Amino acid sequence: MKSVHELLRSLRVWDPAVTELPPFDPSGTPGDPVDLFTRWFAEAVAAGQTEPHTVSLATSDADGLPDVRIVMLHGADAGGWSFATHADSRKGRQLAGRPYAALAFYWPVLGRQVRVRGPVAAAPAEEAMADLHARSTGALAAALTGRQSAELDSPDELTRASEAAWQRAAREPTAPAPTWTLYRLRPDEVEFFQGEPHRRHVRLAYLRTENEAGWHQRLLWP
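For the structure given in this document, a descriptive report is provided here. Worth saying up front: this structure is predicted, and the values here are computed from it rather than measured.

## A look at the nonpolar core
Core analysis: the biggest nonpolar cluster contains 28 residues, and W81, L103, F105 and V114 have the highest contact counts within it. Those elements giving two or more residues to this core turn out to be α2 (33–46), β1 (54–60), β4 (80–86), β5 (100–107), β6 (112–122), β7 (180–185), β8 (189–194) and β9 (202–208). If you tally residues by element for this core, the top one is α2, at five residues. In contact with F105, not counting residues within four places along its chain, are F37, P52, T54, V55, L73, W81, R112, Q113 and V114. One finds L140, A141, A143 and A169 within the second-largest nonpolar core, a separate group that totals 15 residues.

Next comes the structure, spelled out in structure tokens:
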């Protein structure tokens, strides 16, 4: 078996066979980062990026220690970037104690990243339930299974709880999941990264203005 070092040496970044690095001119970008994100997200979907709606979510615990995991994007609009989880899960508890987070999207098929960070707030419960019930039966079953991040005694315990949740989700498509929470990250900063073949990558950051009425743009060294 090859070592991790040997495997790393054998890999390429942005292989031309699967990656196209489009030009990116920051001077022609919209004033609101949501508009550029919407454009880039649509282009990632059109380019065949696998699961472009998955995103790394970074939070911190009571001691300020970082935590990160992959979640699914539920929306991006003037209200912020939204995702969902149980309020009593590890990330839910961390957000309750430190309501600030960061998101990182990576779309290697286009050599693009989008980074978002800012304060996080829970949406009203009725919005969370409407969002959940608009999703698949499996999403509802997972939410009804609950106990996310709690210690699991055995795989059999999970199987029993999951089977019961699937049956209920199929029987009651609008069943409530009390701890399921929709969160919105309202960014202070959004960065768009476009890879460039000669490593002259383009980084455009949007910073919210002091009066929060708009955005200031600046370029960053790669």
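## Thoughts on the packing of aromatic side chains
This model, assessed by the stated rule, comprises 12 aromatic pairs. For the pair W14 and F193, a centre-to-centre distance of 6.4 Å together with 45 degrees between the ring planes defines the contact as tilted. Taken together, the positions of W14 in the loop between α1 (4–10) and α2 and F193 in strand β8 put the pair 179 residues apart, joining distant regions of the chain. Using a relative accessible area of 15% as the deciding quantity, one classes W14 as buried. Look at F193 and you get buried, because its relative accessible area is 11%. Look at F105 and W107: their rings are 5.7 Å apart centre to centre, the planes differ by 45 degrees, and that puts the pair in the tilted class.

## A few points about the pattern of salt bridges
In total, this model carries 11 salt bridges according to the counting rule given. Between E172 and R171 there is a salt bridge, with the nearest N and O atoms lying 3.8 Å from each other. Of the residues examined, R171 reaches a relative accessible area of 58% and is grouped as exposed. Ionic contacts of the salt-bridge type, sharing partners, join the residues D67, R69 and R90 into one network.

Here is what the cut-offs are and how they apply
- Residues numbered from 1 in each chain as written.
- Predicted model: local features only at pLDDT ≥ 70, side-chain atom pairs only at ≥ 80, totals over all residues.
- Heavy atoms only, no water.
- Core = buried A, V, L, I, M, F, W, Y, C linked by side-chain atoms within 4.5 Å.
- Buried < 20%, exposed > 50% of the residue type's maximum accessible area, 1.4 Å probe, protein only.
- Helix = DSSP H or I, 4+ residues; strand = E, 2+ residues; numbered from the N terminus.
- Contact = heavy atoms within 4.5 Å.
- Phe/Tyr/Trp six-rings, centres within 6.5 Å; stacked < 30°, edge-to-face > 60°.
- Salt bridge = Lys/Arg side-chain N within 4 Å of Asp/Glu carboxyl O.

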